[in-house]
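Chain and residue survey
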Amino acid sequence: MDRLGGTKENPVFGLDIGTRSIVGTVGYMEEGYFHVVAQCQKEQETRAMLDGQIHDIAKVGQTVKYVREQLEKKLGRELKEACIAAAGRVLKTVTVHVVDEYEAERAVTEDDVFALQALGAQKAYEDFQANNETDIVFYCVGYTPIRYYLNGYQITNPQGHKAKNIGIDLIATFLPDDVVDGLYKAVEYAGLSVANMTLEPIAAIRVAIPEKYRMLNMALVDVGAGTSDICITKEGTITAYGMIPVAGDSLTNDIMQHCLVEFDVAEQMKRQVSTMDVISYVDIFGNEQTMTAQELKAILLPGMLKMTGLVAQKITELNGDKPVGAVFIVGGGGTIEGYTEMLAEQLSIVKERVAIRGKEVMQEIAFEEEDAQKDSLMVTPIGICISYFEQGNTFTFVELNGLRTKLYNNGKLCVADVAMQAEYPNEKLFPQRGKSITYAVNGEERVQKGLLGEPAVITLNGNLADITSVVKNGDKIHVSPSTKGKAASLILSQIPEVKEKITVTVNRMEYKVSKAALKNGQKLDDQYAIGDGDSIEILDYYTVMDLCERLAIPMAEDIYVNGAVGNGETKVYEGFDVSVIKKMEVKPEPIIIKAATLIQEVVQDAGNVAVPDSEKAEETPLSADNSVQAEEAIQDRVLEPGLPLDSTEEDAPIGEEDLSAKAAALNAKIQALNKKLESKLEAEPMYSGTMKTRTVEKPALVAMSGEEMVVLPEISTPPVRNVDGSTIVVVNHAPITMKGKNHYVFVDVFDYIHFDLTHRPEGKRIVTNLNGRQAQYMEEIKDGDIIDIYWD
């Protein structure tokens, strides 16, 4: 069957199938004007339709056939296709707001906007189905963006802008399957096929409210016989649709009940009330009756007040509980005298802002018949024809994964629309995100999102496609579901607060350390994997013990924080100064020597033993030849650490078999010498004269191992006194040796360290501590004292 082209040679045929009458219009579009070639109107002979719903398909089909035949006679040509409209009575609308979030800010593409619309349409369909308590199948016959949002702010078009998220307010319209099927079957009964289908409110608004007026907040009311269809315009678009099941027939019923006449007589009387002063009629008993127009208006008044009240209430509801700026009325039911004034009063707006739209809105309509009807009744039939040129709507059958799906084709039908109508899960079309992690940092809840998976793989008739691909009748679509991405993962060191550093000074060294974190009071490692439901506490301090552990600094007995005595649990914050001081210990390394040469070296070294100057006059020179004198001298000498002693003849050979015996004898000599040394130090605390050798500590046992002899010194604290008169102290964690005096006071330390007191101060005060307490400048210092001197 050839589709009508809407040209002069092949005009379009529009049918307005109403409750009381069917209007047929034939015309074509040329240079922006719609030309009406022929019109035909036929009232339904019986009540085959009620409130916009076809009850008797055959009878409605017969009336459609009559209209078609009359137009064919006028045109002299056959009509094969017709454009139709569904009444607003059966129209369902859902308005939704959806937001599409991006992982990072980026430019919005055309596909992003389309995906946002699809997301809104899917949400509208889900909301509608959730509230659909019937078994009736509904079709989404279209959706209209009301407004867009960019990062939460309203915008006309987000495409091309950078955004972290975009949103949309969208209105979607739905029609029940039985209504659509009834219209299709009535048209087919008349020997026609459906070329296009729209909605009556949309058809009416195309003529009654030109696009240039739609920026205004207005309402259009199409008052028919069974329903009053309402739509609201604002900001350049249709923002809401609505309907009340009260219209012209309700007034006709009032006349029937009051005057006891049949429906057709009552309908005739209703029409005469605006044109005649006295109305004559015959009641059901056959009696002729008369009534003035004023009397009939009084009968109609309660019904008109009720009808306009319901319309006004619906308009306000659809407009967000606010009155509109103006109302246009179309349709025969609104032409009754007094209707516009009553509606204006119900809306609390001036009566001049409620008007019937008829001939004055048809400036771009050309009527080629001289007696053509040009009133408000023709607005919707002409709008149905014009809709053919602006949208190609009909039903389409498409296969999705082998299942046949019926869709209302609004001229923009795509894969996403098919999936929605077939109730294919929306999440299986778009990449699915892996499981997220919800956690808290210092009481603030956060979410680490999982990764996105792969989108669905879509083929259209065997060719690779996507959700935006246009489909047509008979197409075959196959969808392989999208995949789910990896679950979210997050380690402690990736949390921004943990990345922040605390700067502290420990033992005069500056360190920058990451902030510490706890979970349920337990310390966490930087590589700890955050789990779902974790509550993390980020600390802005360390304890001294935790800080030393993190920096691998050994703990010690003496701890100072900002100059004050502390302990392992003292808290260390940003900028704090910490001193961790370990008491000085001397632990000489073991001395390993050859046993075979040990005795010879000792004897040879005996001649170098130092004695006080006062004893030199009586001293007998020693040599390696005099072993007796060497032994006596050795017993009186002050030893170097770990030096083994023995007495033997010069070059006395030592064999391996004698090593154990020699070691035992040497150990005995050492023990005897140690006792003598201790007695000498107690009797004479300080030698006079210059000494060439100083005591460090007394040796311990000598261990034998093969040909080697290991002398292991005892571990002891620093000696109380050095025979050379020196004093060893620890200043700012480093040992220094002070020489030249018999005793020293605190200020002497400044002669041995670099501490500039002459230039610009580096702090508010100088800290001078001796063994952890504030020092007195003239107090005596001794070997092993711990001293701290620094700017605070």
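Details of the structure are given in the entry above.
What this report covers is the structure whose coordinates are included nearby.

1. Structural notes on the overall build of the protein chain
Looking only at helices and strands, the protein chain features 15 helices and 46 strands. Considering the protein chain as a whole, with its 792 residues, one finds that 48% of them fall into the buried category. Considering only residue pairs separated by 6 or more positions, the protein chain has 64% of its internal contacts joining residues 24 or more positions apart. Just so you have it, the protein chain exposes about 40400 Å², and 49% of that area is on carbon and sulfur atoms.

2. A word on the packing of aromatic side chains
Within this structure, the stated rule accounts for five aromatic pairs. Linked through ring pairs, Tyr125, Phe128, Phe138 and Phe174 together constitute an aromatic cluster. For Arg106, the ring lying beneath its charged end belongs to Tyr102, and the centroid distance is 3.9 Å. Lys571 extends its terminal NZ or CZ atom over the ring of Tyr541, reaching a point 4.6 Å from the ring centre.

3. Things to note about unusual backbone geometry
Glycine aside, negative phi is the norm for most residues, and most peptide bonds take the trans geometry. The backbone phi angle of Asn461 is positive, close to 55°, even though this residue is not glycine. Topologically, Asn461 is positioned in the loop between β24 (457-460) and β25 (463-465). The phi dihedral of Asn562 is positive, around 55°, even though this residue is not glycine. On the basis of relative accessible area, Asn562 is assigned to the partly exposed category, the value being 35%.

4. Some thoughts on the pairing of strand β1 (residues 12-17)
Summarising burial for β1: six of the six residues are buried, a large majority. Burial along β1 is two-sided: the face carrying Val12, Gly14 and Asp16 and the face carrying Phe13, Leu15 and Ile17 are both buried. Two successive antiparallel strands, β1 and strand β2 (residues 21-30), enclose a turn made up of three residues.

5. A closer look at the layout of surface pockets
The computed volume of the second largest pocket comes to approximately 890 Å³. As for the second largest pocket, its lining consists of 28 residues, of which Asp100, Ala115, Phe430, Pro431 and Leu452 are closest to the centre. Elements with a minimum of two residues in the lining of the second largest pocket: β7 (92-107) and α2 (110-131). Broken down by class, the residue content of the lining of the second largest pocket amounts to 15 nonpolar, three polar and 10 charged.

6. Section: a negative patch on the surface
A surface patch of like charges, here negative, comprises Glu9, Glu30, Glu31 and Glu368. By secondary structure assignment, the location of Glu368 is in the loop between β19 (365-367) and α9 (379-390). Among the residues examined, Glu368 registers a relative accessible area of 43% and is labelled partly exposed.

7. Structural notes on the pattern of salt bridges
The tally for this structure, following the rule as stated, stands at 25 salt bridges. Of the charged contacts in the structure, one is a salt bridge between Glu72 and Arg68, with a shortest N-O distance of 3.0 Å. Here the residue Glu72 and the residue Arg68 both occupy positions in helix α1 (residues 57-75), the gap between them amounting to four residues, near one helical turn. Across the pair, Arg68 and Glu72 agree in class, each one buried. Residue Lys74 is joined to Glu369 by a salt bridge in which the shortest nitrogen-to-oxygen separation is 3.3 Å. Remark: Glu369 occurs in the loop between β19 and α9 and Lys74 occurs in helix α1; sequence separation between them is 295 residues. If you follow the salt bridges from partner to partner, you end up with Arg20, Glu43, Asp264, Glu267, Lys270 and Arg271 in one network.

8. Concerning the packing of helix α7 (residues 293-318) against helix α8 (residues 339-347)
With their axes 9 Å apart at the nearest point, α7 and α8 run at an angle of 50° to one another. Regarding the angle of α7 to α8, the classification is oblique. For the crossing formed where α7 meets α8, the hand is right-handed. From α7, Leu301, Met304, Leu305, Met307, Thr308, Gly309, Val311, Ala312, Ile315 and Thr316 reach across to α8, where they touch Tyr339, Met342, Leu343, Gln346 and Leu347. Looking at side-chain class alone, the contact of α7 with α8 contains 11 nonpolar, four polar and no charged residues.

9. Structural notes on the sheet that holds strand β40 (residues 727-731)
One open sheet holds the five strands; their spatial order is β41-β40-β46-β43-β44, and the pairing between them is mixed. Two strands close off the open sheet at either side, each with one partner strand: β41 (734-738) and β44 (773-774). Pairing of β40 with β41 involves five bridges; the strand directions are antiparallel. From the neighbouring strand, Thr727 faces β41, where its bridge partner is Met738.

10. Brief notes about the sheet that holds strand β17 (residues 326-330)
To summarise the sheet geometry, strands pair through backbone hydrogen bonds and adopt either a parallel or an antiparallel arrangement. Pairing is mixed in the open sheet, where five strands are placed in the order β14-β13-β12-β17-β18. Looking along the sheet, the strands with just one partner apiece sit at the ends: β14 (237-244) and β18 (354-356). The mean angle between the axes of side-by-side strands here comes to 20°, regardless of whether they run parallel or antiparallel. Bridge count between strand β12 (residues 218-223) and strand β13 (residues 228-234): six bridges; the pairing is antiparallel. Looking at β13, one finds that Val221 is bridged to Ile230. The strands touched by α7 within the sheet are β12, β13, β14 and β17, with β14 carrying the most contacts at an inclination of about 145°. Against the sheet, α8 touches β12, β17 and β18, its axis set at about 150° to β17.

11. Considering the pairing of β24
Alternating residues of β24 divide into Ile458 and Leu460, all buried, and Val457 and Thr459, none buried. By the bridge criterion, four bridges tie β24 to strand β26 (residues 476-480) in an arrangement that is antiparallel. Residue pairing across strands places Leu460 opposite Ile477, the latter belonging to β26. Taken together, the three bridges between β24 and β25 define a ladder with antiparallel strand orientation. For Leu460, the partnering residue across the bridge sits in β25 and is Asn463. Where β24 folds back on β25, the antiparallel hairpin that results is connected by two residues, among which Asn461 adopts a positive phi of roughly 55°.

Definitions and limits used
- Residues numbered from 1 in each chain as written.
- Predicted model: local features only at pLDDT ≥ 70, side-chain atom pairs only at ≥ 80, totals over all residues.
- Heavy atoms only, no water.
- Helix = DSSP H or I, 4+ residues; strand = E, 2+ residues; numbered from the N terminus.
- Buried < 20%, exposed > 50% of the residue type's maximum accessible area, 1.4 Å probe, protein only.
- Contact = heavy atoms within 4.5 Å.
- Areas by Shrake-Rupley, 256 points an atom, 1.4 Å probe, with all protein chains shown as cover.
- Phe/Tyr/Trp six-rings, centres within 6.5 Å; stacked < 30°, edge-to-face > 60°.
- Lys NZ or Arg CZ within 6 Å of the ring centre and 35° of its normal.
- Pairing = 2+ DSSP bridges.
- 1 Å grid on protein atoms, 1.4 Å probe; cavity = no way out; pocket = protein on both sides within 12 Å on 5 of 7 lines; lining within 4 Å.
- Points joined across faces, edges and corners; volume = space filled by probe spheres on them.
- Nonpolar A, V, L, I, M, F, W, Y, C, P; charged D, E, K, R; others polar.
- Patch = residues over 30% accessible without salt bridge, like charges linked within 9 Å, V, L, I, M, F, W, Y side chains within 5 Å.
- Salt bridge = Lys/Arg side-chain N within 4 Å of Asp/Glu carboxyl O.
- Lys, Arg positive; Asp, Glu negative; His and termini not counted.
- Charge placed at Lys NZ, Arg CZ, Asp CG, Glu CD.
- Axes fitted to C-alpha atoms, helices over the stretch in contact; angles between N-to-C directions.
- Parallel < 35°, antiparallel > 145°, perpendicular 65-115°, else oblique.
- Left-handed = near helix turned anticlockwise from the far one by under 90°.

Limitation: the analysis is restricted to geometry and does not speak to function.
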